Amino acid sequence: MTELDPGLVGEQIAESDQISEPGGTGGEIGRSRRRKEDARLLTGHTRWTDNLVQPGMLYVMFLRSPMAHARITRVDVSGARGLPGVFAAFSGQDFADEQGSLPCAWPVSEDIVIPDHPPMAVSEVRYVGEAVACVVATDRYRAADALEAIEVDYEPLPAVVDMNDALTEGSPKVHEAGNQAFTAKITSGDIEAAFRDAPVLIDRTYIQQRLIPSAMEPRAVLASTDGDGFTLWTSTQIPHVLRVMLAVTTGIPEHKIRVVAPDVGGGFGSKLQVTAEEVLCLLLTRRLGRPVKWTESRSEGNLTVHHGRDQIQHIRVAAESDGRIRGLQVDLLADMGAYLMLVTPGIPMLGAALYNAIYKMDAYEFGCTGVFTTKMPTDAYRGAGRPEATYAIERVMDELAAELGLDPVEVRRRNWIRHEEFPYTTIAGLTYDSGNYEAATDRAMALFGYDKLRAEQADRRDRGDPVQLGIGVSIYTEMCGLAPSRLLGESNYGAGGWEHGTIRMLPTGKVEVITGTSPHGQGHVTAWSQIVADTLGVPFEDITVLHGDTAISHKGMDTYGSRSLVVGGVAVLQACEKVKDKARKLAAHLLECSPEDLEFAEGAFQVRGTDSRKTIQELAFAAFTAHSLPEGVEAGLDSDSTFDPDNYSFPHGTHLCAVEVDTETGMSKIRSYVAVDDVGKVINPLIVDGQVHGGIAQGIAQALYEEAVYDAEGNLLTTTMADYLLPSAADLPTFVTDRTETPATSNPLGVKGVGEAGTIASTPAVVNAIVDALRPRGIHDVQMPCTPERVWRALEGVRR
Amino acid sequence: MIPATFDYVRPGSLDEACQALASDEDAKALAGGQSLLPLLRLRLAYPSTLVDLGRLPELTGVHDRGDHVFIGAMTTHDEVMRSSLVNSACPLVALTTATVADPAVRHRGTFGGSLAHADPAADLPAVVLALDGVLVARSAEGEREIPAAEFFVDYLESALRPGEILLGARIPKLGDGWGYHYEKFHRTAQAWPIVGVAAAVRRSNGSIQEARIGLTNMGPTPLRARAVESALQGAELGDQVRQACEQAAEGTSPSGDLHAQPDYRRHLARVLTHRAIRTAAGSP
């Protein structure tokens, strides 16, 4: 049962139900369009990589290290080679001369150590699951059988599992150079002065547990060659980046590599990677001259898809006695795992300028140490750095409120940037262009029934109810729209942050859009169609969007970090504007007027004050026949555009969560959840709601369920979904979502990005609620995931 | 799913099935496959032959046999939970079955498969144990009755002998005056229970006359909470029941795993037994 105002809930449900049906032009932006992609995806007419078949295709499977850390003293694949159906078997040594080293594109500091990272281990393994050999066979069953016939001798080396232990003197080393991957420090303002004689000091340590991204579609790779070039179909978020990186890693010239991301079933950052399997499939097809395919099993994926989070966060706040923050000091240990992968060291750094979050303060210091351990490398996972930062600051704001006896919303109010103060340059140096924390918070509190729930909480406390109620507040901002290329350059990132879009008007007036973004569940085909429909005045149904194939989409920076709409959507908009400019010249030529005399509306140029007009479709055909073109105008009505924003975008919002904690069993149950997000202008509310729902679910999952567990020897214990718990719809409450709309000023669409907001906001909302329920018992933290056993032990600890 | 190589037979008669299992000690009976197939997939089991019991109609269905209900081993969970006979004559079986995994599993997984797999974390073994069910097995030598108390031997080990097929289980009808509840504690809807408590309670005049309690996942086999059962005889609802349930973890030996350590499981057994008894007795 929820305590929500029924009128408000009804309004929410009504909004989501208003799904637009096809027909008409104009007014597409802002419509809840059902996604064009879904009929095909939901009825199985998909092109997952694993569905693809090439003539003569062989299947690859990898033998993986059962040891966290060991020297490889012998690999004998001869037993596998003789088995029926086995085409070839190789050890890492067999590829030592050509496999290169998997790339790290973000050397975040001067002192960074980037160890050699062979796709298949040659002399040493550094995590359980690292590939040591492979079999190529006529089917996966024979390949799996043959793996059992490969002999490997390991000379065990000590596992390095704990970050603090790894940094102690005399710790066994993961790499020759030691266990410190990098250090980074950012200081702004006089931090010493801020902490000196501060009336209030809060000092906490939080643990971001290690998470395993669990995309619905496991990773899969298919590589083939026609004897000259190579095509790699792969379940990736980054076909463009991958193509460049494969060329650099393997030495195969870039123009001989085509990368295709067919339908991709989710990524959450886990497919923002250049994987060992992609490199090796490419090299295997080169060596064997036959197409090869690899598809991971779920357990193989748990071991070897790059992991997320895994940080220890030491956070200190100095504040005045009225709750105003003087200074903030953050010190992180970030577990890199055994190697630095594509953007591994950049992940904690993406949060570096966000611990100060929505708050004003005089001084800020951020420090981070990247640590090598003998575990699967970490890298991007939905939110990437921002969930960690938001969690720590929003947890500690609750601690500050408790210390001062203030309501958690009130202490935030006293510190946040007021709406009239935007644009606001924060202590960490970012300039937030727009926002209205007051509006989102007021709306969320009204939807939530905040005061009523507080009254019920007090009542349950008074009665000593075994089921206590907790209320969690999380008011966040984040940075999306990666990114201004100039700023990426300053942070030593290996690429730019622009995005590309192409419009091709076809002779019959239909439109092909080519985007450099690479959707894997986000709905770009629908959203881009809405942008194009409104800008060119063509019907939504007449637009198709092509993506994910480097032979078709020739330029792009792909999809991650909630960047697609904010950068790629804007590139598409700009390409439309260029098409319109050319169409205007053509229309003027055909209508024998000057371009300035034409007005564009509902897909046609019309001579002002007359009924003389040309539709965009007529102009597309005229540009195709080219029978009569104005001087200096080339045939065809196409355009390319790239967009490079001059600032990040900063979505924000207020999430409120009510949790019932059963103090007898320790079970936490979410009773109600309200999210009011400000993602700027909305192209498709249905897609935005979907992103928010999924995001909240994923953040709740970190708060309550998910944890990758390694034992002291470096064995992953959570290799199946029986051990690594993911919530399903049955475990989640009904989310109440709403929006405020403060447009971004850094792009012409006014959009901010929504892919990660829910995940960033929800984790601290849930944990704050649990701690809020338990605080009267003397508990001020529960480590994530807040399992029933952990809550029970916390209660046992204070009962004694 | 990439298991190691195995042979597959699908017998058309029970005799053939018994023969197939008797002739090969590494053969394994395949029922709904919801436990066996994951073991094959992870290559934790390497049976030489799978003997598919899917075409033996005599193994399916629910039958009224006067003082008991006979549930055929190959009856799916979904059929069991929807059977009006099971719901009226042995409701504890029906309401517990409705908590097994998810709809997909319940449409494939079978009543007998779950019992024969003898996983102490499965929900149904504790129920059959609490209700003093009798399992019926058949081999080339004939039929054999095995009381539930003797059927569950150890972790994933039943009293079934090589060549024996579980035909089903007799579930005694307890008659009027009984209340039932299965209290399942799990972290997500689809997760295995950390602890489960199956309770049947006969109550009159505000006190409990008789109670049967089965514990899920509190040791290598399902267990009866005998100490609680005796303490509950004649106990009045309220403090007496509460005190009786404090003995729920006596004689248990729960394991520790990622979801719970043994002391927490013992604590849960006490709390959940109390809740199960209260609900079964109709005094929430």
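Please read these numbers as outputs of a predicted model, since none were measured by experiment.

### Overview of the overall build of chain B
No. 1: Helix and strand content of chain B: 12 helices and 14 strands.
No. 2: Taken against the 2.2 N^0.38 rule, which gives 19 Å for 284 residues, the C-alpha radius of gyration of chain B at 19 Å falls within 12% of a compact globule.
No. 3: Taken over the C-alpha atoms alone, chain B extends approximately 60 × 45 × 30 Å along its principal axes.
No. 4: Taking the contacts inside chain B whose residues are at least 6 apart along the sequence as the reference set, 61% of them involve residues at least 24 apart.
No. 5: By element, 46% of the accessible surface of chain B is carried by carbon and sulfur atoms, the whole surface being about 11900 Å².
No. 6: Charged side chains in chain B number 27 positive and 33 negative. The centres of these two groups are separated by 6 Å.

### Observations regarding helix α18 (residues 616–625) of chain A
Residue and element names in this part refer to chain A.
No. 1: Taken as a whole, α18 has its buried residues at I616, L619, A620, A622 and A623. Looking down the long axis of α18, one finds its buried residues gathered within 165 degrees of arc, a one-sided arrangement.
No. 2: Immediately downstream of α18, the backbone of A626 shows phi near 60 degrees, a positive value.

### Points about the domain arrangement of chain A
Residue and element names in this part refer to chain A.
No. 1: Domain annotation for chain A reports domain 1 (49–157 + 219–295), domain 2 (308–482 + 647–799) and domain 3 (498–643).
No. 2: Of note, the centres of domain 2 and domain 3, computed from C-alpha atoms alone, are 40 Å apart.
No. 3: Contacts between domain 2 and domain 3 engage 19 residues on the former and 16 residues on the latter.
No. 4: Summed over both partners, the interface of domain 2 with domain 3 buries about 1300 Å², with 69% contributed by carbon and sulfur atoms.

### Quick word on the UniProt feature "domain: Aldehyde oxidase/xanthine dehydrogenase a/b hammerhead" (unreviewed entry) in chain A
No. 1: Following the UniProt record, the feature "domain: Aldehyde oxidase/xanthine dehydrogenase a/b hammerhead" (unreviewed entry) maps to residues 43–158 of chain A here.
No. 2: The span residues 43–158 of chain A is 10% helix and 30% strand, and its two end C-alpha atoms sit 50 Å from each other.

### Description of the confidence of the model for chain A
No. 1: Scored by pLDDT, chain A has a mean of 95; 97% of the residues are at 70 or more.
No. 2: For the stretch residues 20–24 of chain A, pLDDT sits under 50, and the model shows 13 contacts to residues farther than four places along the chain or on other chains.

### Concerning the pairing of strand β18 (residues 467–477) of chain A
Residue and element names in this part refer to chain A.
No. 1: Summarising burial for β18: 10 of the 11 residues are buried, a large majority.
No. 2: Bridge count for β18 against strand β26 (residues 652–662) is 11 bridges, and the pairing is antiparallel. Bridge pairing links I475 to T654 in β26.

### Remarks on the domain arrangement of chain B
No. 1: Parsing chain B into structural domains produces domain 1 (7–52), domain 2 (57–172) and domain 3 (178–280).
No. 2: Each of domain 1 of chain B and domain 3 of chain B has a C-alpha centre, and these two points are 35 Å apart.

### Here we look at the interface of chain B and chain A
No. 1: In this assembly, 28 residues from chain B lie in contact with 31 residues from chain A.
No. 2: Between chain B and chain A, a total of about 2300 Å² is buried, with carbon and sulfur atoms accounting for 56% of that surface.
No. 3: Summed over the three residues of chain B that lose the most area to chain A, namely I2, R187 and L258 of chain B, the buried surface amounts to 29% of that side.
No. 4: Across the pair R793 of chain A and D263 of chain B runs a salt bridge, and its minimum N-O distance is 2.6 Å.
No. 5: Per element, the largest residue contribution to the side of chain B that touches chain A is 7 residues, and it comes from helix α12 (residues 262–280) of chain B.

### Overview of the sheet that holds strand β2 (residues 70–76) of chain A
Residue and element names in this part refer to chain A.
No. 1: Ordered in space as β4-β2-β6, the 3 strands form an open sheet in which the pairing is antiparallel. Every other strand in the sheet has two partners, leaving β4 (124–125) and β6 (151–156) as the edge strands with one partner each.
No. 2: Bridging between β2 and β6 involves 6 bridges; their strand directions are antiparallel. Residue A70 lies in a different strand from β6, and its bridge partner there is P156.

### Considering the packing of aromatic side chains
All names here are of chain A.
No. 1: All chains considered together, the criterion is met by 16 aromatic pairs over all chains.
No. 2: For the pair W106 and Y493, a centre-to-centre distance of 4.9 Å together with 70 degrees between the ring planes defines the contact as edge-to-face. Separated by 387 residues along the polypeptide, W106 in the loop between β3 (86–91) and β4 and Y493 in the loop between α15 (485–490) and β19 (499–505) bring together distant segments of the chain. Pair check on accessibility: W106 and Y493 agree, each one buried.
No. 3: Taking 4.7 Å as the distance between ring centres and 50 degrees as the angle between the ring planes, the aromatic pair formed by F600 and F605 counts as tilted.
No. 4: Looking at F605, the relative accessible area reads 0%, which means it is buried.
No. 5: Members of the aromatic cluster, each reached through a chain of ring pairs, are W416, F422 and Y437.
No. 6: The aromatic ring of F95 is capped on one face by R287, whose charged end is 3.9 Å from the ring centroid.
No. 7: Sitting over the face of the ring of Y560, R563 holds its NZ or CZ atom 5.4 Å from the ring centroid.

### Quick notes on the pairing of strand β2 (residues 27–30) of chain B
No. 1: Direction of pairing for β2 of chain B relative to strand β3 (residues 49–52) of chain B: parallel, over a ladder of 4 bridges. Its bridge partner being in β3 of chain B, A29 of chain B is matched across the sheet by V51 of chain B.

### Some thoughts on the environment of P125 of chain B
All names here are of chain B.
No. 1: You can see P125 is positioned in helix α8 (residues 123–130).
No. 2: Once the C-alpha coordinates of P125 and G112 are considered, the two residues, 13 residues apart in sequence, prove to be 9.8 Å apart.
No. 3: When near neighbours in sequence (up to four residues on either side) are disregarded, P125 contacts S114, L115, D119, F152 and P222.

### Observations regarding the nonpolar core
Residues and elements named next belong to chain A.
No. 1: Membership of the largest hydrophobic core comes to 176 residues, with the highest contact counts inside it found for Y355 and I770.
No. 2: In contact with Y355, other than residues within four places in its own chain, are Q311, Q313, I315, L328, V330, L332, Y364, F366, E388, A389, A392 and I393.
No. 3: Core analysis: the second largest hydrophobic core is formed by 42 residues, V513, W528, V570 and L637 among them.

### A closer look at the environment of A94 of chain B
Residue and element names in this part refer to chain B.
No. 1: The topology assignment puts A94 in helix α5 (residues 91–97).
No. 2: Exposure remark for A94: the relative accessible area of 3% places this residue in the buried category.
No. 3: Other than its neighbours up to four places away in sequence, A94 contacts M81, V86 and N87.

### Observations regarding the sheet that holds strand β1 (residues 7–9) of chain B
Strand-to-strand pairing in sheets goes through backbone hydrogen bonds, with the strands running parallel or antiparallel.
Residue and element names in this part refer to chain B.
No. 1: One open sheet holds the 3 strands; their spatial order is β1-β3-β2, and the pairing between them is parallel. Only two strands of the sheet have a single partner each, and these edge strands are β1 and β2. This sheet shows a mean twist of 25 degrees between the axes of neighbouring strands, independent of strand direction.
No. 2: Against the sheet, helix α1 (residues 14–22) makes contact with β1, β2 and β3, and its axis sits at roughly 145 degrees relative to β2, the strand it touches most.

### Overview of the pattern of salt bridges
Residues and elements named next belong to chain A.
No. 1: Under the criterion given, the structure shown has 83 salt bridges over all chains.
No. 2: Close ionic contact of K360 with E421 constitutes a salt bridge, the shortest N to O distance being 2.9 Å. Here K360 is found in the loop between α10 (346–349) and β15 (363–372), whereas its partner E421 is found in the loop between α12 (408–413) and β16 (424–425), with 61 residues between them in sequence.
No. 3: Each of the salt bridges in this network shares a partner with another, and the network as a whole consists of E456, D459, R460, R463, D465, E660 and R671.

### A word on the side chain of S639 of chain A
No. 1: The topology assignment puts S639 of chain A in strand β25 (residues 637–643).
No. 2: Non-local contacts of S639 of chain A, meaning those with residues more than four positions away in its chain, are made with G501, T502, I503, A575, K578 and V579 of chain A.

### A look at the packing of helix α17 (residues 564–591) of chain A against α18 of chain A
All names here are of chain A.
No. 1: Between α17 and α18, whose axes approach to 10 Å, the crossing angle comes to 85 degrees. By the criterion of interaxial angle, the relationship of α17 to α18 is roughly perpendicular. Between α17 and α18, the contacting residues are A583, L586, A587 and L590 on the first element and I616, L619, A622 and A623 on the second.
No. 2: Residues that form the contact of α17 with α18 fall into these classes: 8 nonpolar, no polar and no charged.

Cut-offs applied
Residues numbered from 1 in each chain as written. Chains lettered and ligands numbered in written order. Predicted model: local features only at pLDDT ≥ 70, side-chain atom pairs only at ≥ 80, totals over all residues. Heavy atoms only, no water. Helix = DSSP H or I, 4+ residues; strand = E, 2+ residues; numbered from the N terminus. Rg over C-alpha atoms; globule rule 2.2 N^0.38 Å. Contact = heavy atoms within 4.5 Å. Areas by Shrake-Rupley, 256 points an atom, 1.4 Å probe, with all protein chains shown as cover. Lys, Arg positive; Asp, Glu negative; His and termini not counted. Charge placed at Lys NZ, Arg CZ, Asp CG, Glu CD. Buried < 20%, exposed > 50% of the residue type's maximum accessible area, 1.4 Å probe, protein only. Arc of directions from axis to C-beta. Domains from an automatic or database assignment. Buried area = accessible area lost by both parts, 1.4 Å probe. UniProt positions renumbered as here; feature names shortened; annotations may be inferred. pLDDT = per-residue confidence, 0-100. Pairing = 2+ DSSP bridges. Salt bridge = Lys/Arg side-chain N within 4 Å of Asp/Glu carboxyl O. Phe/Tyr/Trp six-rings, centres within 6.5 Å; stacked < 30°, edge-to-face > 60°. Lys NZ or Arg CZ within 6 Å of the ring centre and 35° of its normal. Core = buried A, V, L, I, M, F, W, Y, C linked by side-chain atoms within 4.5 Å. Axes fitted to C-alpha atoms, helices over the stretch in contact; angles between N-to-C directions. Parallel < 35°, antiparallel > 145°, perpendicular 65-115°, else oblique. Nonpolar A, V, L, I, M, F, W, Y, C, P; charged D, E, K, R; others polar.

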